[in-house]
Amino acid sequence: MKLPPPRIDLRGFSAVKLGVHRFSLADPYYFVLAMRWSTFLAVVLGVFLATNLLFAAVYWAVPGSISNARAGAFGDAFFFSIETLATVGYGVMTPATLYGHLVASTEIFVGMFLTALTTGAFFARFARPSARMVFSETAVVAPYGGGQALMVRVASRRLQGISEATARLNYYRNEAYGEGRFRRFDELKLVRTSIPVLTLTWTLIHVIDEESPLFGMTDERMAAEAPAVMLSISGFDEAISSLVNDRQTYRRENMRFGHVFVDMLRDLPDGMIELDLTRIHDTRPVAVLKEVRDLEIQESAVRAS
């Protein structure tokens, strides 16, 4: 059965990559880290069973090599192999001949390497830094400073902050070139590209002015360019003392025009600030926001009079 070509998933941007292998034994470290946990555990279990079945067959092929093993009982040879590979040695069954001792010694030698490799693989997977950032599911185009701006929102799921957080926003689009087309990346200028520490939430703002690739965007242009906005965040995670990075991609269906983000912060009576991460994806239409503000102004005027 022919396997499907490897797929690249960049948090909202997907592609198929030809000419490469999904997993290659020529790059064992990547092989171990790239697979899913379920696949990794299945591979470890498969290697464990295959190794013990192999050595069990070697013991079973020469009757009498294991003392107290039932004649012709493959199960006894299999469980003796497990006990030998794990260096448990319950003592009920032991090597009984020179052949049995040689096979057991070889299995112990192989078991030392398998144990070291498995332990190292587990440590590498657990020790790999994880950014644990959460991005808004949508990007909004909202009024800003008398014009419009593209905005996205990001926060950290950890209690400790991310020092020297830096952001880059890129606009990916198709551009005609003769009879064909090519993909082009344009970096979107941000109002602020870095902050000293990301502890609460960070709204990244790109002003859509005449220098912006998004200026004068129409439905026809959007259909022709098939655009995507790619956000990448990096910084030093104080919780794990390691550099981390994460990314998110926004396509046309993930953009909301005429919307603003709902406020996630609330002042508490004791002077503390409450951050509600469950609202990071929430937006509201600008018109509704304006009506609410007008109502608040009217109520303030009534109370003042």
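Before any of the text, the structure's been laid out above.
Residues numbered from 1 in each chain as written. Predicted model: local features only at pLDDT ≥ 70, side-chain atom pairs only at ≥ 80, totals over all residues. Heavy atoms only, no water.

**Some thoughts on the packing of aromatic side chains**
No. 1: Considering all chains together, one arrives at nine aromatic pairs under this definition.
No. 2: Ring centres of W37 and F40 lie 5.6 Å apart, and the angle between their planes is 85°; this geometry places the pair in the edge-to-face category. A residue pair is termed a helical-turn pair when its members lie 3 or 4 positions apart in one helix, as W37 and F40 do in helix α2 (residues 37-61) at three residues.
No. 3: Owing to a relative accessible area of 4%, F40 belongs among the buried residues under this scheme.
No. 4: Where Y59 meets F80, the ring centres are 5.1 Å apart and the plane angle is 75°; that geometry is what we call edge-to-face. Note that Y59 is positioned in helix α2 and F80 in helix α3 (residues 74-85), a separation of 21 residues in sequence.
No. 5: Overall, the relative accessible area of 2% leaves Y59 in the buried class.
No. 6: Here F80 falls in the buried class, since its relative accessible area comes to 4%.
No. 7: Following the ring pairs from residue to residue traces out a cluster consisting of W37, F40, F122 and F126.
No. 8: The ring of W37 is capped by R125, whose NZ or CZ atom sits 4.3 Å from the centre of that ring.
No. 9: Above the face of the F40 ring, R125 is positioned so that its terminal group lies 4.8 Å from the ring centre. (Phe/Tyr/Trp six-rings, centres within 6.5 Å; stacked < 30°, edge-to-face > 60°. Helix = DSSP H or I, 4+ residues; strand = E, 2+ residues; numbered from the N terminus. Buried < 20%, exposed > 50% of the residue type's maximum accessible area, 1.4 Å probe, protein only. Lys NZ or Arg CZ within 6 Å of the ring centre and 35° of its normal.)

**Observations regarding the side chain of T138**
No. 1: Relative to the elements of secondary structure, T138 occurs in the loop between β5 (133-135) and β6 (139-144).
No. 2: For T138, a relative accessible area of 9% gives the class buried.

**A look at the nonpolar core**
No. 1: Core analysis: the largest hydrophobic core is formed by 27 residues, its most contacted members being M133, L150, W202, L204, V229, L231 and I233.
No. 2: At the level of secondary structure, the elements contributing two or more residues to this core comprise β5, β6, β7 (147-156), β8 (162-177), β10 (194-198), β11 (201-207), β12 (228-237) and β13 (242-251).
No. 3: With five residues, β8 is the largest single contributor of residues to this core.
No. 4: Beyond its immediate chain neighbours, meaning those up to four positions away, I233 contacts M133, F135, V154, T166, A167, W202, L204, V244, N245 and D246.
No. 5: The next biggest cluster of nonpolar side chains, apart from the first, holds ten residues, and it includes I66, A77, F78 and A104. (Core = buried A, V, L, I, M, F, W, Y, C linked by side-chain atoms within 4.5 Å. Contact = heavy atoms within 4.5 Å.)

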